[in-house]
Amino acid sequence: MFANINFNRNSPFTFIEYGFQAYYAYVFFMVWTHPELHPVSLINDLAILMAFEFIMVHSGVFMAVMPKKWSLFIFFPFYGVFALGFNESVINTNLLYIYLLTVLNRMRFAFSDVSTEVRGIQIGKSAVKTMFYFFLLLAVCLGNSIIPPFGLTEEFLNKSQYFQTVKSSGLFIEKPYVPICMGFIYYSLPVLYFIYRTIKKFGQGPQKGKLIYSQTTIKSNKF
């Protein structure tokens, strides 16, 4: 029922992807600077989300390079198990549902036919995102003592009974401003770069060659 859809410019999926990332960056920043305006459970959930991203950051590349059957019957259930584990760790499941929408957007290649060019672009983006994640993880862990807590001071965490609500422990939980700082950088920088290159492209005017950011080809037979 679907005709072939080729997006030589930014596809709707690209805007959805960066839209979600912009939303995450905003939430991380607001909780980091003004935690009193949000439920205390959100502090724990954001910290757990960044730990969970350690597993899910690879999903895009796996879905791009593997055959559909592998994606649908092996990787999709595999990541589903981790999603259930994430659900057990968070307090408010609303954030989980939004995050799963982001993951499903990454996994869209499991439900579509893509060209070799698009597959290569997706593999490159996922590889860069993975390296960026691990670089940030190493940086915030080694430099956790110099990261400003802003609103997430020890006084606030004790007063809000944060430590009585958490379900796990570790650096990310005991110093929640560390993963929240990481999350803000992790989600905001790609959005800023996307905005920069989009504005730059419009400023250059019509080009003879085609600059392809992302492209998705969806094909399906009659139902």
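Since this is a predicted model, take the numbers as computed values, not measurements. (Residues numbered from 1 in each chain as written. Predicted model: local features only at pLDDT ≥ 70, side-chain atom pairs only at ≥ 80, totals over all residues. Heavy atoms only, no water.)

Novice: Could you give an account of the overall build of the chain, naming the residues involved and the relevant values?
Specialist: Looking only at helices and strands, the chain has ten helices and zero strands in total. If you list the helices and strands of the chain from N to C, you get α-α-α-α-α-α-α-α-α-α. Every one of the 223 residues in the chain was classed for burial, and the buried ones make up 43%. Total accessible area on the chain is roughly 12400 Å²; 68% of this is exposed by carbon and sulfur atoms. (Helix = DSSP H or I, 4+ residues; strand = E, 2+ residues; numbered from the N terminus. Buried < 20%, exposed > 50% of the residue type's maximum accessible area, 1.4 Å probe, protein only. Areas by Shrake-Rupley, 256 points an atom, 1.4 Å probe, with all protein chains shown as cover.)

Novice: Help me get a handle on a nonpolar patch on the surface, residues and values and all.
Specialist: A cluster of nonpolar side chains, namely Trp70, Leu72, Phe73 and Ile74, defines an oily patch on the protein surface of about 430 Å² accessible area. Within the secondary structure, Trp70 is located in helix α4 (residues 68–89). (Patch = residues over 30% accessible without salt bridge, like charges linked within 9 Å, V, L, I, M, F, W, Y side chains within 5 Å. Salt bridge = Lys/Arg side-chain N within 4 Å of Asp/Glu carboxyl O.)

Novice: Talk me through the packing of aromatic side chains; I want residue IDs and the actual numbers.
Specialist: For the structure on display, the rule yields 16 aromatic pairs. Summarising the aromatic geometry, the rings of Trp32 and Phe184 are spaced 6.3 Å apart at their centres and angled 55° between planes, so their arrangement reads as tilted. Taken together, the residues span a long stretch of sequence, with Trp32 in helix α1 (residues 12–33) and Phe184 in helix α10 (residues 177–204) at a distance of 152 residues. For Trp32, a relative accessible area of 7% puts it in the buried group. (Phe/Tyr/Trp six-rings, centres within 6.5 Å; stacked < 30°, edge-to-face > 60°.)

Novice: Tell me what's going on with the pattern of salt bridges, and back it up with residues and numbers.
Specialist: Considering all chains together, one arrives at one salt bridge under this definition. We note a salt bridge from Lys125 to Glu17, for which the minimum N-O separation is 3.7 Å. On the criterion of sequence distance, the pair formed by Lys125 in helix α6 (residues 116–142) and Glu17 in helix α1 is long-range, its members being 108 residues apart. Residue classification places Lys125 among the partly exposed positions, given a relative accessible area of 25%.

Novice: Summarise the nonpolar core; cite the residues concerned and give the values.
Specialist: Met50, Tyr99 and Tyr187 are the most contacted members of the largest nonpolar core, which totals 42 residues. For this core, the elements supplying multiple residues, two or more each, are α1, α2 (40–56), α4, α5 (94–106), α6, α7 (154–159), α9 (171–174) and α10. Counting residues per element, this core draws most heavily on α2, at nine residues. Among all residues touching Tyr187, those that are not within four sequence positions of it are Gln21, Tyr24, Ala25, Phe28, Leu49, Met50, Glu53 and Tyr99. (Core = buried A, V, L, I, M, F, W, Y, C linked by side-chain atoms within 4.5 Å. Contact = heavy atoms within 4.5 Å.)

Novice: Please set out the confidence of the model for the chain residue by residue, giving values where relevant.
Specialist: In this model, the chain carries a mean pLDDT of 79, and residues with pLDDT of at least 70 account for 77%. Considering each helix and strand of the chain separately, the mean pLDDT is smallest for helix α3 (residues 59–65), with a value of 68, and largest for α7, with 94. Low pLDDT, under 50, characterises residues 1–8; the stretch is placed with 24 contacts to residues that sit more than four places away or in other chains. Below a pLDDT of 50 lies the segment residues 208–223, which in the model reaches 49 contacts outside its immediate sequence neighbourhood of four places, other chains included. (pLDDT = per-residue confidence, 0-100.)

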